[in-house]
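Chain and residue survey
Chain by chain, the residues:
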Amino acid sequence: MKKSLLAAALAAATLATTPVMAAELCDGLPRLDVTTPAGFCVGVLASGLKFPRGVLPLTTGDLLVTDMAGWTPNQGKLWLLKRQANGSYQKQMLMDKLDRPNGIVQGPDGQIYVGVVKRIFRFDLRDPATMTDVIGGSAKTPGLPGLGLHLLTNMRFSPKGDLYVNVGSNTDHCEGADNKAPDPSKPCVAGEGKEPLAAIREYKMTWPAGTVASWSTYAHGLRNSMALAFHPATGALWQAENARDAIQAAMPQLKSDEDLPHEELNLIKAGQHYGWPYCYDNNLASPEYPKTDCAAKYVAPQRLLPGHAAPLGMTFYTASRFPATYKNSLIIGYHGYRSNGHRLVALLPDAAGAPLGKSVELIKGWERKGKQGRGAPVDVRQGQDGDIYMADDHNGLVLKLHYDAPAG
C-alpha cells in the first residue's frame, strides 16, 4: 500500500553551506582542517544538518542524506543534495517527520530504500511524494524489533539482490532492567530463539516487484552491526562489530577500558553465532559468563579493531581514482568518542584479497580546532566519481574524501 507524504514534506529548502576553512578549498569545496595522506583532502559538501547518518551518492553527482535530527521520534528528514554547475550543493528536503532514519541504499530496481525504526520503505526518485513499505508498516512482512539501546535500521543489498538488515541488541551485555549482570547459568534470552536480537536478518527479495519472498535470521551473536559491506570479488558479507561497554565494572583490575574490548571485523556466514554476549575480543569469555568455552561454540573475529572505535559505516573501495594501493581495501569510519575514534581508515587487502592487511589512516587529526568540531563519521560510501562520501553526525556535515594525483 502506498502512503502520500504531507505536502509540507515536499517543500524545497535551500540552505547555505557554511565554509569550514574559507581560505582553502578541496575540489572547489571548503576544506576541513584534518591530516590526510599526500594528494588527499576533505571537502565540506553541506553543513547545518542536525544529525546526518546515511549518505547515498547518485549517478547524477547528487546525494541523498538521512538526517535523524536527534533521538526524538518522528523528527527525521531526508535531504537531496543537488550538485550545482559551480560544484557547490543545494539542500532540498524530500521528506519530513521520519522516525530516526538511518540506513539508505539503492535497490536493483533503482528505487531508494530507507531504514527507519522498525520499518524499511522505498520510493522512486521521480515521485518522492509516495512511499511503499517493504518491511513493517503496511507491508505483509513483519516489522523490525527496534528495541532498547540499538534500535536503528541499517542494511545492504547483496550482489544477488537480497537484503541484509541489522537487528541490534536491546542491551549492552544482556544486563537486566536493574542494570544487574545476567545469570551466568542461563542463556541470554534476547539473543537466542527463532527471532533473536543482536543479529543480521536475510530478506529474500522478488524482482522486479521489490517485495520480500521470505526472511530468516542469517547470523547472530552480533551486538550491533551498523557497518556492513559485501566484498566486490567474493560477494562475502563483512561486518564491523560495535563491541560492548562497561567491561571495567565487571573487571575492576582494569585501570581503564579505553582499549578493551576491541571492536571486531567479522566474516559473516549463514547460521553462525559470533559470541555476544558470552564472549569478547578474540573469543575470550566475558566476565559475566566466565565458564564459556568460546573457542568450541562461537566464531572468532577475523581481526581485532581498536577498542571503542565504534565503526558505524564502511565500504569496499572499487574505483580507480585513489592510488592502486587502495583497490579493494575496506574503508571504515571510526565514530567513537574516545581516543580511537574520529578517524577514517583503509584496511588494505592481504594476499588473498581479504581486508586483513595493513591499516592506513586516511583521515586523522580530526580534533576540535576553533569552530571546527571533533569528527564523528557515520555512513561511508563510494561515489560515481571515485571519491568517498560520509556523514558526520556530531557536526551536522556531509563530507567527501577527494584525491588529486600529485603532479608528475
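Anyway, here's the lowdown on the structure attached to this text. (Residues numbered from 1 in each chain as written. Predicted model: local features only at pLDDT ≥ 70, side-chain atom pairs only at ≥ 80, totals over all residues. Heavy atoms only, no water.)

So, on to the sheet that holds strand β17 (residues 227-230). Strand order in the open sheet formed by 4 strands is β17-β18-β19-β22, with antiparallel pairing between adjacent strands. The open sheet has two edge strands, β17 and β22 (303-307), and neither has a second partner. Shown here is a sheet whose adjacent strand axes are inclined to one another by a mean of 20°, direction ignored. Both strand β18 (residues 237-241) and strand β19 (residues 262-268) contribute to a ladder of 5 bridges, which runs antiparallel. Along β19, the bridge assignment pairs Gln239 with Asn266. (Pairing = 2+ DSSP bridges. Helix = DSSP H or I, 4+ residues; strand = E, 2+ residues; numbered from the N terminus. Axes fitted to C-alpha atoms, helices over the stretch in contact; angles between N-to-C directions.)

Most of strand β27 (residues 377-382) sits out of view: 5 of its 6 residues are buried. Alignment of β27 against strand β28 (residues 388-392), held across 4 bridges, turns out to be antiparallel. Bridging across to β28, Arg381 finds its partner in Tyr389. (Buried < 20%, exposed > 50% of the residue type's maximum accessible area, 1.4 Å probe, protein only.)

Let us look at the packing of aromatic side chains. Per the stated rule, a full pass over the model turns up 14 aromatic pairs. Ring centres of Phe40 and Phe322 lie 4.9 Å apart, and the angle between their planes is 80°; this geometry places the pair in the edge-to-face category. A residue pair is termed long-range when its members are at least 10 positions apart, and Phe40 in strand β4 (residues 40-46) and Phe322 in the loop between β23 (311-316) and β24 (330-334) qualify at 282 residues. A residue is classified by how much of its surface remains accessible, and Phe322, at 3% relative accessible area, is buried. Look at Phe40 and Tyr403: their rings are 4.6 Å apart centre to centre, the planes differ by 50°, and that puts the pair in the tilted class. Here the residue Phe40 occupies a position in strand β4, and Tyr403 occupies one in strand β29 (residues 397-403), the gap between them amounting to 363 residues. (Phe/Tyr/Trp six-rings, centres within 6.5 Å; stacked < 30°, edge-to-face > 60°.)

The next subject is the state of the cysteines. Per the counting criterion, the structure on display carries 3 disulfides. Across the disulfide, Cys26 is cross-linked to Cys41 (sulfur-sulfur distance 2.0 Å). Here the S-S torsion is close to 80°, and the disulfide linking Cys26 with Cys41 is therefore right-handed. Pair noted here: Cys26 is in strand β2 (residues 25-26) and Cys41 is in strand β4, with a separation of 15 residues, a long-range link. Residue classification places Cys41 among the buried positions, given a relative accessible area of 9%. Here Cys279 pairs with Cys294 through a disulfide, and the sulfurs are 2.1 Å apart. Taking the sign of the S-S torsion, -100° for the link of Cys279 and Cys294, the bridge is left-handed. Note that Cys279 is positioned in strand β20 (residues 279-280) and Cys294 in helix α2 (residues 294-297), a separation of 15 residues in sequence. (Disulfide = S-S within 2.5 Å.)

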